[in-house]
Amino acid sequence: MTDDSTVDVIVIGGGTGGYSTALRASALGLSVLLAERDKVGGTCLHRGCIPSKAMLHAAELVDGVAEARERWGVRARVESIDWSALTATRDDIVARNHKGVEAHLEHAGVRVVRSGARLTGPRSVRTEDGREFTAGRGIVLATGSRPRTLPGLEPDGHTVVTSDDALFAPGLPASVLVLGGGAIGVEYASFHRSMGAEVTLVEAADRLVPSEDVDVSRHLARGLRRRGIDVLTGARLEGAERLAFGGVRATVRTARGELREIGAERLLVAVGRVPVTDGLDLAAAGPATDERGFVAPADWSRLETAVPGIHVVGDLLPPPSLGLAHASFAEGLLVAETLAGVASAPVDYAAVPRVTYSAPQTAAVGPTEAQAREAGYDVVVNTMPLTAVAKGMVHGQGGMVKVVAERAGRVLGVHLVGPHVSEMIAESQLIVGWDAEPADVARHIHAHPTLSEAVGEAFLSLAGRGLHQR
Ligand SMILES: Cc1cc2nc3c(=O)[nH]c(=O)nc-3n(C[C@H](O)[C@H](O)[C@H](O)COP(=O)(O)OP(=O)(O)OC[C@H]3O[C@@H](n4cnc5c(N)ncnc54)[C@H](O)[C@@H]3O)c2cc1C
């Protein structure tokens, strides 16, 4: 074995979890090898957060034209959508980000090996060309996740697609049936509706984004329905057939038990994601997967598996990790600092913001009202419509702010629905993360007129000093 086959840290997988671990470990003076079998940046950059948000930005512009015409007397219409131009801009943003991540890694001195890698022991890894590497301090598993598919509904890239294929499909469909009302399904339903498609959104649970507060789900479903999306909750797909001349015909059992036939040009399956461990050869080193395929840490404060020195970050982790890129950044920082022997606080998952970038958007931090009550808190709640402030009326899209706090105590959760709430959640994550009480927040003045004034006003009311809330 040559010298350059031994490093301090080996990271397998170069998505947000893996590359953040590598960058931080390198900044702390450790020698790092990062094995990535595809492209650094992973799901988030190439198939997830970035391309989907680029497309949703275009969708917002389209919606803006409709609003301009309908509310503001601007005589404008969307002539047509040039899908190849839209995707070219999207892909350019992805490509520039990709170059940026590559440059960061190079600048940080991370050795990137473009290859799949598998474990050969608790401190050793083999790449596809047969090279063996040893890690002096530890190995970090960061191989992420892939879309879950359903038996009989295997994706074909054009008619039955996952969120991956939807990006690279040849054009925009005239009608879409989206299966799954989590964040990804809701975002894609919203995007396609903005682009003019007939959209049906089917969710088996009794509400959309079921892990969010019930009022968030209610406002979201109302907002999507107002935009013409057929939202079916508590509904189950009984079967679907691909039609000879294109498209699908699906049979859905509605919440009332009726069978409904739904025809669509495209069926988008967004029923969750599964961890990727095939190819890692976990058995060679010891860390086991749980019954859902996640690699659970034995010690969450270090994200270290039952095998000392093998750590795990990102979508490979089970809940309470969140399957979100920014959670994986925090996990990467924690693991790198742990491996470098630098004190690092465990990830506070309750203070990680969760956003759905649809129209309307949802953004939340902390437990829902139901979760707070289940946890035994004596809870007070204030819910305030965004239209209670002038800027909310200007936007004219409804929405709400809901604050969940301990009676005479700290703020536990903040839940937002409406336009631009993805950009409004940051103050709430500090409020929750810093254990602030409503009166602490109420002391701080929000700019007028802004949408975030509604957040300030919700706290003023909770502190007994409300101005505009009846
Ligand atoms: C449509 C969509 C939209 C999303 N939007 C958001 C959003 O707006 N905000 C947000 O926070 N999150 C979002 N996410 C989630 C986010 O993308 C993931 O949480 C994040 O990418 C997880 O990062 P990761 O590093 O764990 O895994 P990944 O990004 O999946 O990276 C894992 C990497 O490991 C590589 N790999 C796998 N096996 C091996 C092996 N054996 N050897 C070498 N390399 C290997 C893969 O090629 C991959 O590049 C979205 C996801 C999707 C699908």
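Residues numbered from 1 in each chain as written. Predicted model: local features only at pLDDT ≥ 70, side-chain atom pairs only at ≥ 80, totals over all residues. Heavy atoms only, no water.

Side note on the pairing of strand S1 (residues 6-12)
Two faces, one strand: in a regular strand the side chains alternate between the faces of the sheet. Formally: Each residue is placed in one exposure class: buried if its accessible area under a 1.4 Å probe, protein chains only, is under 20% of its type's maximum, exposed if it is over 50%, and partly exposed if it falls in between. Runs of E in the DSSP output that reach at least two residues are strands. Runs of H or I that reach at least four are helices, and both are numbered from the N terminus. Seen with its strands pointing away from the viewer, a crossover is right-handed if its path from the first strand over the helix to the second goes clockwise.
Counting buried residues in S1 gives five out of seven residues, a clear majority hidden from the surface. In this fold, S1 hands off to helix H1 (residues 16-27), which returns the chain to strand S2 (residues 32-35); that crossover is right-handed.

Some words on the site of the ligand
Put simply, the rule is: When at least one non-hydrogen atom of a residue lies within 4 Å of a molecule or strand, that residue is treated as near it. Whenever a nitrogen or oxygen atom comes within 3.5 Å of another N or O atom, the pair is scored as a polar contact, on the condition that within protein one atom can donate a hydrogen and the other can accept it, and that pairs from neighbouring residues in sequence are kept only if both atoms are in side chains. Accessible surface area values rest on a Shrake-Rupley calculation with a 1.4 Å probe, where residue burial reflects the displayed protein chains alone.
Around the ligand sit 37 residues, and of these Glu 36, Thr 43, Lys 53, Asp 315 and Ala 325 come closest. Taking Asp 315, its side chain carries an N or O atom lying 2.8 Å from an oxygen atom of the ligand. At 3.3 Å, a backbone N or O of Leu 324 approaches an oxygen atom of the ligand. When the ligand is considered free in solution it has 1,000 Å² of accessible area, and contact with the protein chains removes 95% of it. For the shell around the ligand, the secondary structure elements donating two or more residues are H1, helix H2 (42-46), helix H3 (49-72) and helix H8 (325-340).

Considerations on the sheet that holds strand S18 (residues 354-356)
Our working definition: Only strands joined by at least two bridges in the DSSP assignment are considered to pair. An axis is simply a line fitted to the C-alpha atoms; with a helix, the fit covers only the stretch in contact. Between two such axes, the angle follows the N-to-C directions and lies from 0 to 180 degrees. When checking whether two residues touch, look at their non-hydrogen atoms; a contact exists if any pair is within 4.5 Å.
Sheet architecture is open: five strands sit in the order S18-S19-S22-S21-S20, paired in antiparallel fashion. Of all strands in the sheet, those with a lone pairing partner are S18 and strand S20 (379-385), marking the two edges. On average, each strand axis in the sheet is tilted by 10° relative to the strand beside it, whichever way the strands run. Sheet topology places strand S21 (residues 400-406) next to strand S22 (residues 411-418); six bridges connect them, and they run antiparallel. Considered in S22, the bridge of Met 400 is made with Val 417. Where helix H13 (residues 453-462) meets the sheet, its contacts fall on S20, S21 and S22, and the angle it forms with S20 comes to roughly 140°.

Digging into the pairing of strand S19 (residues 361-365)
When you tally the buried positions in S19, you get five out of five residues, the bulk of the element. The two faces of S19 match: Gln 361, Ala 363 and Val 365 on one face and Thr 362 and Ala 364 on the other face are all buried. Pairing geometry for S18 and S19, over three bridges, is antiparallel. Bridge pairing in S19 places Thr 356 opposite Thr 362.

Describing helix H4 (residues 83-108)
The line we're drawing: Here a helix's expected span is defined as the number of its residues, less one, multiplied by 1.5 Å.
If you check H4, its first and last C-alpha atoms are 37 Å apart, about what 26 residues at 1.5 Å a residue would give, namely 38 Å. For H4, the full list of buried residues reads Trp 83, Leu 86, Thr 87, Arg 90, Val 94, His 98, Val 101 and Leu 105. Gly 109, located one to two residues past H4, shows a positive phi value of around 85°.

Digging into the nonpolar core
Applied cut-off: Each nonpolar core is a collection of buried residues, namely Ala, Val, Leu, Ile, Met, Phe, Trp, Tyr and Cys, held together in the definition by side-chain atoms within 4.5 Å.
Judged by nonpolar contacts, the single largest core of 49 residues is most densely connected at Ile 10, Ile 12, Leu 119 and Leu 141. Counting residues per element, the ones that place at least two in this core are S1, H1, S2, H4, strand S4 (117-121), strand S6 (132-141), strand S17 (310-312) and H8. Counting residues per element, this core draws most heavily on H8, which supplies six residues. When sequence neighbours within four positions are dropped, the list of residues in contact with Leu 119 reads Ile 12, Ser 124, Val 125, Ile 139, Leu 141, Leu 280, Asp 281, Leu 282, Ala 284, Ala 285 and Ile 310. Met 55, Val 176, Val 186 and Met 195 belong to the second largest nonpolar core, which has 32 residues in total.

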